[in-house]
Amino acid sequence: MHLDRPFLKLEQVDKSFDRGGVTSVVLKGIDLSVDKGEFISIIGHSGCGKSTMMNLIAGLTRVTSGVVLLENKEVNAPGPDRAVVFQNHSLLPWLTVYENVRIGVDKVFSRTKSRSQRHDWTLHKLDLVQMSHAKDKRPSEISGGMKQRVGIARALAMEPKVLLMDEPFGALDALTRAHLQDSIMAIHAQLRNTAIMITHDVDEAVLLSDRIVMMTNGPEAHIGEILTVPLARPRRRLELVADPQYIRCRKAVLKFLYERRRFVEAAA
Amino acid sequence: MTLALSNTEALRGAAKVSQSEAKAIPGVKAIPAADWLATLRAGLLKAAKQVATVLLPPIVVLALALLLWQIATSHQGASLPSPTKIWAEASDLIASPFFNNGPQDIGLGWRVLVSLERVAYGFGLAAVFGVLLGAIVGQSQWAMRGLDPIFQVLRTVPPLAWLPLSLAAFRDANPSAIFVIFITAIWPIIINTAVGIRNIPQDYRNVAAVLRLNQLEFFWRIMIPSAAPYIFTGLRIGVGLSWLAIVAAEMLTGGVGIGFFIWDAWNSSRLSDIIVALTYIGLVGFMLDRVIAFVAKLATRGTQAA
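Right, let's get into the overall build of chain A. The number of helices and strands found in chain A is 8 helices and 10 strands. In terms of overall dimensions, chain A is globule-like: its C-alpha atoms have a radius of gyration of 19 Å, near the 18 Å expected for 268 residues. Expressed as lengths along the three principal axes of its C-alpha atoms, the size of chain A is roughly 60 × 50 × 40 Å. The buried share of chain A, taken over its 268 residues, is 52%. Expressed as a percentage of contacts within chain A between residues at least 6 apart in sequence, the contacts between residues at least 24 apart total 68%. When the accessible surface of chain A is totalled, it reaches about 12,400 Å², and 50% of it is carbon and sulfur. When the 38 positive and 31 negative side-chain charges of chain A are each reduced to one mean point, those points stand 3 Å apart.

So this is what it looks like as structure tokens:
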């Protein structure tokens, strides 16, 4: 599907917050175009407005000025076409794993799928993240990595146009994180869904992304650089370690983050 | 002798069976019959010990209290009856709660049931309206600013102060008593529900927003389960207050309830009956509290965020 305009577009987006009469500008002049099927990472130091940017795309907060367009339609409210994988999984603890996914399926496909189709769909998405074995467990009974898997299944089950992930693996240990990154890559290869991921992990960004959006430090954060990662897929983390392209990309991101940091420290 | 022998044989046989059964399950060691009996005995002993540690202290304290009471009130001209005197005068009330000898001569069990029925109506209404109002106050800033000060003032009004007004409004004793229960129990339910709803994590609200849950779905699927621990705290306080208020209300409105029974007993100087009735009220109030706590435990299972 090729449109004149890109699939998802942020045009001159500003975001400021008013707190106690003091206005603080978090994002200033954000321009970003994302193609269908692209995997984008947004990376930056903490407090640079990465999460704010995600909330703007999700529609959870409104832009102060500028516009967010998805398939040429303005985004001004949250919705299942921009499903979010939250940083701390945000599963509803009183529902089972199955019910947590099913609640979204029921909402999105209430008219288009029959009850048994919705059931199969739910199980299929749990299969996709390898969680169908725990479908009757409650979130308190499964590990952090498993919870995040269910969070991903819940988001995927809504068949979003854009999958938004807000530091999805931030709270996980390194091994679980690597495992989930592989899962995400496999799912992306299979579904070819458009995905935007917030991260502060350089390796994760290079491994998963088609393009890496590097944010300058706030206040008035903006996009500093966009790096295209020219690595072929499927990517295998062990082979990539020695890949010159991988090393070059990694170095570019690190350099950006490190030099901006130093710049800020020098200015402070 | 033969009988005894066959018994031992049967026992041995049983031991053999249990051994072979035990062998069928891998990893389970076969236990000879004598050991098995010993473990059973040890288990029983342990259970008995646990029961004793729970029940023994209150029994001892109760016995001591009764003894002191007996000593304090057994002299001539004591103003309050002693335990033995109560038993002599009111044993029928204690022993058979459900006798029925005509309109005003019925067992305390019946009277408690009548009072409980009023509490059920009043508290039930308070629970429904309390949760709804609490949800509104918790959800809307404007409703909170408007209603909270009024609630904070009204909740300090003692239950019985409402009685004259409700008698004037309803012109009947029974609905007035129910109204007093309602107005007493509703405040803690409203306030706790509102706090519970204000404490719903932003994450859950975001999830609901992404799913585009409508108001009704949000209420049933997010608000109620998320605020359930708070709501049940409110309900538990509310049921306790209801039970406090019903006795006072019935003293004034008359009828069949346990409150009126106490007032009636005071008017005819049956102090022993009053003490028995007090015990009933205490035990029933305790049970009400436990019932709500039990329901809360069932209902909030798994709602603790991990």
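Moving on: the overall build of chain B. For chain B, the helix and strand inventory stands at 11 helices and 0 strands. In chain B, which comprises 306 residues, the proportion classed as buried is 35%. In chain B, of all internal contacts separated by at least 6 residues, the share reaching a separation of at least 24 is 65%.

Turning our eyes to something else, we now look at the interface of chain B and chain A. Across the boundary between the two partners, chain B contributes 20 residues, which contact 24 residues of chain A. Both faces considered, chain B and chain A share a buried interface measuring about 1,900 Å² in area, 67% of it formed by carbon and sulfur atoms. Counting the surface chain B buries against chain A, the share from its top three residues, B:Val210, B:Leu211 and B:Arg221, is 32%. Between chain B and chain A we count 1 salt bridge in total. Salt-bridge contacts for A:Lys107 lead to B:Glu217; the nearest nitrogen and oxygen are separated by 2.8 Å. Here chain B and chain A share 4 residue pairs in polar contact (both at pLDDT 80 or more) between them. Secondary structure elements with two or more residues in the side of chain B that touches chain A: α8 (202-211) and α9 (215-253) of chain B. With 7 residues, the single largest contributor to the side of chain B that touches chain A is α8(B). Broken down by class, the residue content of the side of chain B that touches chain A amounts to 10 nonpolar, 6 polar and 4 charged.

So, on to the packing of aromatic side chains. Counting across every chain of the model gives 9 aromatic pairs over all chains. The interplanar angle of 90° and the centroid separation of 5.4 Å between the aromatic rings of A:Trp94 and B:Tyr204 together place this pair among those described as edge-to-face. Here A:Trp94, found in the loop between β6 (84-85) and α2 (97-108), pairs with B:Tyr204, found in helix α8, and the two come from separate chains. Its relative accessible area of 11% is what places A:Trp94 among the buried residues. Judged by centre distance (6.1 Å) and plane angle (85°), the ring pair of B:Phe129 and B:Phe182 falls under edge-to-face. On the criterion of sequence distance, the pair formed by B:Phe129 in helix α4 (residues 108-139) and B:Phe182 in helix α7 (residues 173-198) is long-range, its members being 53 residues apart. On the accessibility criterion, B:Phe129 (42% relative accessible area) is partly exposed. What links up through ring pairs into an aromatic cluster is the set B:Phe129, B:Trp162, B:Phe170, B:Phe179 and B:Phe182.

Residues and elements named next belong to chain A. Read from one edge to the other, the open sheet built from 4 strands follows the order β2-β1-β4-β5, with strand pairing classed as antiparallel. Two strands close off the open sheet at either side, each with one partner strand: β2 (22-34) and β5 (73-74). With 5 bridges connecting them, strand β1 (residues 8-19) and strand β4 (residues 65-70) associate as antiparallel partners. Within β4, the residue paired with Leu10 across the bridge is Val68.

Here we come to the environment of A:Val22. Its location among the elements puts A:Val22 in strand β2. On the basis of relative accessible area, A:Val22 is assigned to the exposed category, the value being 55%.

So, how was this worked out
Residues numbered from 1 in each chain as written. Chains lettered and ligands numbered in written order. Predicted model: local features only at pLDDT ≥ 70, side-chain atom pairs only at ≥ 80, totals over all residues. Heavy atoms only, no water. Helix = DSSP H or I, 4+ residues; strand = E, 2+ residues; numbered from the N terminus. Rg over C-alpha atoms; globule rule 2.2 N^0.38 Å. Buried < 20%, exposed > 50% of the residue type's maximum accessible area, 1.4 Å probe, protein only. Contact = heavy atoms within 4.5 Å. Areas by Shrake-Rupley, 256 points an atom, 1.4 Å probe, with all protein chains shown as cover. Lys, Arg positive; Asp, Glu negative; His and termini not counted. Charge placed at Lys NZ, Arg CZ, Asp CG, Glu CD. Buried area = accessible area lost by both parts, 1.4 Å probe. Salt bridge = Lys/Arg side-chain N within 4 Å of Asp/Glu carboxyl O. Polar contact = N/O pair within 3.5 Å; in protein donor to acceptor, adjacent residues only side chain to side chain. Nonpolar A, V, L, I, M, F, W, Y, C, P; charged D, E, K, R; others polar. Phe/Tyr/Trp six-rings, centres within 6.5 Å; stacked < 30°, edge-to-face > 60°. Pairing = 2+ DSSP bridges.

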